[in-house]
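Residue-level structure breakdown
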Amino acid sequence: DFSAGTGFSFDDAWGAYASINLGSNWNALANYEKYNSKSGNQDPEIWVGKLTYGAANFATPKSWDLWVEYLNAEDGAYIGGSTNSWRWGKLDNLESWGAGIDYTFAKNAQFQVMQSFASKVKDGDGSDPEEQTRAQFVFAF
């Protein structure tokens, strides 16, 4: 038995993940997760898709990539980091797109910029999911 810390408890979780290189510059990623609730009345799912052009590599200065993603999370599906998302805050009951760029400016140092767009609540009258912008320097040691 697991608890998401938000009152949602589930018996088990499972998912599938695929990352496929499409030629030398393209990569397609798909991630699916499902949580089976104890009560059986809520079994939320989350879908994430990402298409990347280029390959920002921490070991290769001046390498870069551009990406676009799609996120579709049912109410209760995001349990605090399950998708390893760059987004902050509550991601339950959300459908959203995102785009970003990663640039390695020195060995083991990257600058990343991300932006969400077309975000909306999937079901009900939840509060407006404000768009998110994030810029960060990442250093790998």
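What counts, and at which threshold
Residues numbered from 1 in each chain as written. Predicted model: local features only at pLDDT ≥ 70, side-chain atom pairs only at ≥ 80, totals over all residues. Heavy atoms only, no water. Helix = DSSP H or I, 4+ residues; strand = E, 2+ residues; numbered from the N terminus. Buried < 20%, exposed > 50% of the residue type's maximum accessible area, 1.4 Å probe, protein only. Contact = heavy atoms within 4.5 Å. Areas by Shrake-Rupley, 256 points an atom, 1.4 Å probe, with all protein chains shown as cover. Pairing = 2+ DSSP bridges. Salt bridge = Lys/Arg side-chain N within 4 Å of Asp/Glu carboxyl O.

Here the focus is the overall build of the chain. Helices and strands together make up the secondary structure of the chain, namely zero helices and eight strands. Sequence-ordered secondary structure for the chain, helices as α and strands as β, is β-β-β-β-β-β-β-β. Classification of the 141 residues of the chain by burial places 33% in the buried group. For the chain, restricting intrachain contacts to residue pairs at least 6 apart in sequence, the fraction spanning at least 24 positions comes to 47%. When the accessible surface of the chain is split by element, carbon and sulfur atoms take 55% of a total near 8,400 Å².

Once that is clear, we can look at the environment of Trp-64. With respect to the helices, strands and loops of the structure, Trp-64 is situated in strand β5 (residues 64-73). Through-space distance from the C-alpha of Trp-64 to that of Thr-104 is 6.2 Å; in sequence the pair is 40 residues apart. Excluding anything up to four places from it in sequence, Trp-64 contacts Tyr-53, Gly-54, Ala-55, Ala-56, Asp-102 and Tyr-103.

Bridge count between strand β4 (residues 45-54) and β5: nine bridges; the pairing is antiparallel. Counted as the bridge partner of Ile-46 is Ala-73 from β5. Where β5 lies against strand β6 (residues 94-106), 10 bridges are found, and the strand directions are antiparallel. Considered in β6, the bridge of Val-68 is made with Ala-99.

Before going further, it helps to examine the pattern of salt bridges. Overall, the coordinates contain three salt bridges when judged by the stated rule. A salt bridge links Glu-45 to Lys-34; the shortest N-O distance between them is 3.9 Å. Placement of Glu-45 in strand β4 and of Lys-34 in strand β3 (residues 26-37) is noted, with a sequence separation of 11 residues between them. The residue Glu-69 makes a salt bridge to Arg-87 at a minimum N-O spacing of 2.8 Å. Of the two residues, Glu-69 sits in strand β5 while Arg-87 sits in the loop between β5 and β6, which places them 18 residues apart along the sequence. According to the relative accessible area criterion, Arg-87 is buried, its value standing at 5%.

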